[in-house]
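Chains, contacts and geometry: an overview
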Amino acid sequence: MMQIPLGHILVLSSLLFSIGVLGVLLRRNAIVIFMSIELMLNAVNLSFVGFAQSMNSLNGVMFIFFIIVVAAAEAVVGLSIILSLYRSRRTLNIDEFNLLRW
Amino acid sequence: MILFYLFALLSVLGALGVLFLRNPIHGAMSLVGSFFSLAAVYVMMQAEFVAVIQVLVYAGAIMVLFLFVLMLLSLRDEGPSFIRWSVGKVLAVVIAFGIWAQLALVLGQHDPEALVPQIVSSGEEVDSIKLIGQLLFTEYLLPFEAISLLLLVAVIGAVVIAKRRYPGSSS
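The notes below deal with the structure included here. Position numbers for residues count from 1 along each chain, tracking the sequence in the order it is written. By the order in which they are written, chains take letters starting at A while ligands take numbers starting at 1. For a predicted model such as this one, the threshold for reporting local features is a pLDDT of at least 70, and the threshold for listing and counting side-chain atom pairs is 80 or more; totals across whole chains, interfaces and linings nevertheless cover every residue. Only hydrogens and water are set aside when side-chain values are computed; all heavy atoms of the structure are taken into account.

1. Comments concerning the interface of chain A and chain B
The contact criterion used throughout is that any non-hydrogen atoms of two residues lie within 4.5 Å. Across the boundary between the two partners, chain A contributes 72 residues, which contact 82 residues of chain B. We define buried area as the total accessible area lost by two parts upon association, computed with a 1.4 Å probe and summed across both. Considering only the surface of chain A that becomes buried against chain B, Arg27(A), Arg28(A) and Met35(A) emerge as the three largest contributors, covering 10% of it. The term salt bridge refers to a side-chain nitrogen of Lys or Arg lying within 4 Å of a carboxyl oxygen of Asp or Glu. Seen at the junction of chain A and chain B, the total is 0 salt bridges. Under the rule applied, a polar contact is a pair of N or O atoms within 3.5 Å (in protein, one hydrogen donor and one hydrogen acceptor; residues adjacent in sequence only if both atoms are side-chain atoms). Counting across the chain A and chain B interface gives 10 residue pairs in polar contact (both at pLDDT 80 or more). The secondary structure listing takes helices from DSSP runs of H or I that are at least 4 residues long and strands from runs of E that are at least 2 residues long, numbered from the N terminus. Within the residue set of the side of chain A that touches chain B, elements represented by two or more residues are α1 (6-26), α2 (30-55) and α3 (59-89) of chain A.

Listed below in structure tokens is the structure:
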């Protein structure tokens with residue numbers, strides 16, 4: 001089986017990461033912003049797999065294991081925060097949440 | 001090789017769907033598609049363990065959680081889904097393109113294969129699940145225990161944050 005060149009994998013990873021950044025900066029729905037963060041985490045995972053494949057090492061795979069567990073924990077806590085925010089304000093629009101703004 | 005480009009295109013399209021689709025539920029489904037095609041890419045990179053975890057945890061658990069929350073909230077139409085500030089829009093595009101251009105520039109100037117020290121393969125299968133398990137319970141034992149503690153804390157924290165406080169009950 002032919003190995004996929006590392007450069008192509010890294011280009012794909014950087015594209016996904018930039019789309020995630022755009023989603024975080026442009027969208028107003030809190031859940032969509034959260035999904036964009038998950039997308040950025042996935043892009044980083046992809047580059048980890050690319051380097052692990054190219055270095056023929058398992059340490060990258062171990063890192064991905066831990067990143068995915070942290071992402072799952074983050075999703076659980078973040079979604080419960082979003083849920084309680086929705087209960088108090090009846091909206092998910094981030095422009096309405098100015099509690100911490102001066 | 002053609003399959004790699006096909007699935008790479010699919011994952012980028014799914015990501016663009018998250019960015020542009022107006023309905024958050026459609027965005028979540030498109031993100032599931034993106035995660036599935038990333039799992040296919042992992043299979044092509046001989047990282048089967050990561051692909052299985054990707055499908056089980058990301059496409060399975062996390063996205064189902066997102067969809068549950070989206071359906072619990074049953075969102076009505078909230079008007080324009082992008083930010084209103086037009087200078088901010090331009091700034092966001094410039095920042096995102098800047099990040100991408102920086103990454104592409106670094107990758108274009110150096111051959112990325114040259115950045116990686118070439119380790120001679122010991123003849124073993126790189127991504128065998130048996131090896132991963134052995135590594136997890138020897139070299140990475142402390143991080144493993146720490147991450148299990150983190151999961152416990154996250155579960156308790158989620159229950160405490162999302163618990164509904166009925167009026168009249170002593171909180």
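2. Looking at the environment of Asn42(A)
Looking at where Asn42(A) falls in the secondary structure, it is placed in helix α2. Residue classification places Asn42(A) among the buried positions, given a relative accessible area of 0%. Beyond its immediate sequence surroundings of up to four residues, Asn42(A) is in contact with Phe35(B), Leu38(B), Tyr42(B), Gln54(B) and Tyr58(B). Remark: exposure states derive from per-residue accessible area (1.4 Å probe, protein chains only) relative to the maximum for the residue type, with buried under 20%, exposed over 50%, and partly exposed in between.

3. Observations concerning the packing of α3(A) against helix α6 (residues 129-138) of chain B
Axes, fitted as lines to C-alpha atoms, cover a helix only where it is in contact. Angles between the N-to-C directions of the axes lie from 0 to 180 degrees. As a packed pair, α3(A) and α6(B) sit with axes 11 Å apart at the nearest point and diverge in direction by 70 degrees. Considered as vectors, α3(A) and α6(B) are oriented roughly perpendicular to each other. Mapping the contact onto sequence places Asn59(A), Val61(A), Met62(A), Phe65(A) and Phe66(A) in α3(A) and Ile132(B), Leu135(B) and Leu136(B) in α6(B). Within the contact of α3(A) with α6(B), the residues separate by chemical class into 7 nonpolar, 1 polar and no charged. Angle categories are assigned with fixed cut-offs, so that under 35 degrees is roughly parallel, over 145 is roughly antiparallel, 65 to 115 is roughly perpendicular, and the rest are oblique. Under the scheme applied, nonpolar residues are Ala, Val, Leu, Ile, Met, Phe, Trp, Tyr, Cys and Pro; charged residues are Asp, Glu, Lys and Arg; polar residues are all the others, including Gly.

4. Here's the deal with the side chain of Gln54(B)
Looking at where Gln54(B) falls in the secondary structure, it is placed in helix α3 (residues 48-73). What makes Gln54(B) buried here is its relative accessible area of 0%. At 3.4 Å, the side chain of Gln54(B) and the backbone oxygen of Phe35(B) are in polar contact. Ignoring anything within four residues of it in the chain, the contact list for Gln54(B) reads Asn42(A), Phe35(B), Leu38(B), Ala39(B), Tyr42(B) and Ala59(B).

5. Points about the packing of helix α1 (residues 2-20) of chain B against helix α2 (residues 24-44) of chain B
Residues and elements named next belong to chain B. Between α1 and α2, the least distance of the axes is 8 Å, while the angle of their chain directions is 155 degrees. On the basis of the axis angle, α1 is roughly antiparallel to α2. Both α1 and α2 take part in a crossing whose hand is left-handed. Along its contact with α1, which presents Leu3, Phe4, Phe7, Ala8, Leu10, Ser11, Gly14, Ala15, Gly17 and Val18, the element α2 presents Gly27, Ser30, Leu31, Ser34, Ser37, Leu38, Ala40, Val41 and Met44. Of the residues belonging to the contact of α1 with α2, the class tally is 12 nonpolar, 7 polar and no charged. Crossings are classed by handedness, with left-handed meaning an anticlockwise turn of the near helix from the far one by less than a right angle and right-handed meaning a clockwise turn.

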